[in-house]
Amino acid sequence: MRSILGIAVVEVRLFLRDRSNIFFVFIFPLLLILLLGSQFGANSGQARVVLSGGSGTELSKVLSEQLKKDGVQVSSAGAGAARDQLSRGRADVGIFISDDDSAAFAAGQPADLEVLTASQSAAQAVLQEVRASVQAVSTDRRQQSLLESAGVGATEAATALKQAKESVQQPQMVLVDTNDVTQVFQGLGRFDLGAAQQLLLFVFLSSLTGAATLIKARRLGVIARVMTGPVSSWQALAGQALGRFGIAAVQGGYIMLGTALLFGVDWGNPLLAGLVLAFFCAVSAAAAMVIGSLMDNDAAASGVGVGLGLVLAGLGGSMVPPEFFSETLQAVSRVTPHRWAYDAFASIQRHDGTLADILPQLGVLAAMALALLALGSFLLQRSLSRAL
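In this text, all values refer to a predicted model and were calculated from it rather than measured experimentally.

*Asks:* Account for the overall build of the chain, naming residues and giving values.
*Replies:* Check the secondary structure of the chain and you find 17 helices and four strands. In the chain, buried positions account for 43% of the 388 residues. The contacts of the chain with a sequence gap of at least 6 include a subset with a gap of at least 24, amounting to 78%. For the chain, the accessible surface area stands at approximately 19,800 Å², while carbon and sulfur atoms represent 62% of it.

*Asks:* Could you give me a rundown of the environment of Ser333, with the residues and numbers involved?
*Replies:* Structurally, Ser333 can be placed in helix α15 (residues 327-333). Of the residues examined, Ser333 reaches a relative accessible area of 0% and is grouped as buried. The contacts of Ser333, once residues within four sequence positions are left out, are Leu315, Phe325 and Arg339.

*Asks:* Quick rundown of the pairing of strand β3 (residues 93-96)? Include the residues and the values.
*Replies:* Two faces belong to every sheet, and in a regular strand the side chains alternate between them. By the alternation rule, side chains of β3 split into Val93 and Ile95 and Gly94 and Phe96, which are all buried. Inspection of the sheet shows strand β1 (residues 48-52) paired to β3 by four bridges, in the parallel sense. Residue pairing in the sheet places Val50 in a bridge with Gly94 of β3. In the sheet, β3 pairs with strand β4 (residues 114-117) via four bridges, with the strands oriented antiparallel. When the bridges of β4 are listed, Ile95 appears paired with Val115.

*Asks:* Would you mind going over the packing of helix α9 (residues 192-209) against helix α16 (residues 337-351) in detail, with residue names and values included?
*Replies:* Two elements in contact, α9 and α16, have axes separated by 10 Å at closest approach and are oriented at 150°. With respect to their mutual orientation, α9 and α16 come out roughly antiparallel. Both α9 and α16 take part in a crossing whose hand is right-handed. Where α9 approaches α16, its residues Asp192, Leu193, Ala196, Gln197, Leu199, Leu200, Leu201 and Phe204 are matched on the opposing element by Pro337, His338, Ala341, Tyr342, Phe345, Gln349 and Arg350.

*Asks:* Explain the nonpolar core residue by residue, including any values.
*Replies:* Generally speaking, nonpolar side chains in soluble globular proteins are found buried as a group. Counting 46 residues, the largest nonpolar core has Leu199, Trp267, Val276, Phe345 and Ile358 as the members making the most contacts within it. Taken together, the elements giving at least two residues each to this core come down to α9, α10 (211-219), α12 (233-262), α13 (270-294), α14 (298-315), α16 and α17 (355-383). Membership of the second largest hydrophobic core comes to 16 residues, among which are Val49, Val72, Val93 and Phe105.

*Asks:* Describe the environment of Arg219, naming the residues involved and giving the relevant values.
*Replies:* Relative to the helices and strands, Arg219 is located in helix α10. A residue is classified by how much of its surface remains accessible, and Arg219, at 41% relative accessible area, is partly exposed. Sequence separation of Arg219 and Asp296 is 77 residues, and the distance between their C-alpha atoms is 8.2 Å.

*Asks:* Which residues make up the packing of aromatic side chains, and what values do they have?
*Replies:* If you walk through the whole model with that rule in mind, you get eight aromatic pairs. Aromatic side chains Phe23 and Phe28 sit 5.8 Å apart centroid to centroid with 35° between the ring planes, which places their arrangement in the tilted category. Judged by its relative accessible area of 31%, Phe28 falls in the partly exposed class. Measuring from ring centre to ring centre gives 6.0 Å for Phe204 and Phe280, while their planes differ by 45°; the resulting arrangement is tilted.

*Asks:* So what's going on with the sheet that holds β4? Which residues, and what values?
*Replies:* Across the sheet, which stays open at both edges, the four strands sit in the order β2-β1-β3-β4 with mixed pairing between neighbours. Pairing within the sheet leaves two strands with one partner each, and these edge strands are β2 (73-76) and β4. Taken pair by pair, the neighbouring strands of this sheet meet at an average axis angle of 20°, ignoring direction. Of the strand pairs in this sheet, β1 and β2 are connected by four bridges, and their pairing is parallel. Note that in β2 the partner of Leu51 across the bridge is Ser76. With respect to the sheet, helix α3 (residues 58-69) is in contact with β1, β2 and β3, its orientation differing from that of β1 by roughly 175°.

Conventions and cut-offs
Residues numbered from 1 in each chain as written. Predicted model: local features only at pLDDT ≥ 70, side-chain atom pairs only at ≥ 80, totals over all residues. Heavy atoms only, no water. Helix = DSSP H or I, 4+ residues; strand = E, 2+ residues; numbered from the N terminus. Buried < 20%, exposed > 50% of the residue type's maximum accessible area, 1.4 Å probe, protein only. Contact = heavy atoms within 4.5 Å. Areas by Shrake-Rupley, 256 points an atom, 1.4 Å probe, with all protein chains shown as cover. Pairing = 2+ DSSP bridges. Axes fitted to C-alpha atoms, helices over the stretch in contact; angles between N-to-C directions. Parallel < 35°, antiparallel > 145°, perpendicular 65-115°, else oblique. Left-handed = near helix turned anticlockwise from the far one by under 90°. Core = buried A, V, L, I, M, F, W, Y, C linked by side-chain atoms within 4.5 Å. Phe/Tyr/Trp six-rings, centres within 6.5 Å; stacked < 30°, edge-to-face > 60°.

Written out as C-alpha cells, the structure reads:
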C-alpha cells in the first residue's frame, strides 16, 4: 500500500507543479461559472430583498413582516454588504433605511427610502413587488394616523383595523405553473446549475488531457524503472490509477469549495455531494488510464482527450441542461457518466436527496469506473512491452 500511495502522490505533485494548469484547471473554471451564472443563471424562484439600516426600529420590523407576508425572501446586512450582494446577484433589491426615515415613520410622517436594484432583468419585477409591499405599509400607517388624529387611542385604532381586515374577505389569485421545466429548476440559486455542470465538464476534461503525462512516463521508462524495484505490476497500475483519481479529486474539490465560498453555491448535503464527486473522479481517472495506455503520442492523446471530453460533456448535460433534450437525446445521454452524476447532484441540490435517492446513480458510476479501470489496467500492462 505504501508503494501505491507513493506513486499516486508523485503523480499529483507533478500535476500541481505544471504551471500551465494554474489557469486552465483552477482559474478558468471559476471564471466560466461566474460568466454563465451572471448571464444565464436561474433565480431561486423567490424575490430576494436585503434590508440595511434601521435595525430594531418599527419601520424595519413592519416592512420586513409585510415583505415576508407577500412572499419575498428578506435578509439583513450592512450597507457595504448589501451593495455587495446586489452586485453579485445574491439579492434583487436593496432597501436602505436611515435614522431619519425611522424617526419620520415613528412620528407618522412620510419616509423616503433609498432603494437599489441589481443589474439582472428580473430585479425590475422584484422592484414592483417591493413597491406594492411598501404601499401596503404606507396605507396601514396612514389609516392608523387618521384614526389617532380623530381621537382614537393607538391600541384601539390598531385593534379596529385588525378586526376590519379580518371581517373582509381579501381577493386571492392562485397561479398554477404547468411548465415542467420551470418546476424542475425551482429552488436553484443563480450559480448552482452552472457550477455542477462545469464541475463535471472540467474534472473529466482535465483527467483525459492529463493522460499525456502517462504516455510520457511510458516513453521515458519511468513506469518500467518503478517496476524493476520491489513493486509489483499491479501495485504500479494501482498507483497510476490512484494518482489519476487524486488529480481529479483535487480539481473537483477546489471547484466545489471555491464556488461555495465565492458564489454561495449550495451543493446540498456536503457528504453526499463529495461522494458523487468521488465516484465521478473514479470514472474520470479510469478513462484517462484507457487513453494513456491505448495511445503512444502525447500530443494526439491531448487532442483526443479534449475532443472526447467536450463531446461527452455536451451529451451528458454539462453544456445544456438535459431537461431540454429530446426523448432520443435523453436516452443517448445515459451512456455518459456526466448524466448520471448530473442527476445525482440535481437530486441533492434541488430536492434534498438522501443516499437512498442517489444510489442508482452511484451504482452506475461505480460500474463504469470498474469496467474502465479493468480495461485501462489491462491496456497499460500490455503497453509496457510495446515500443514507443
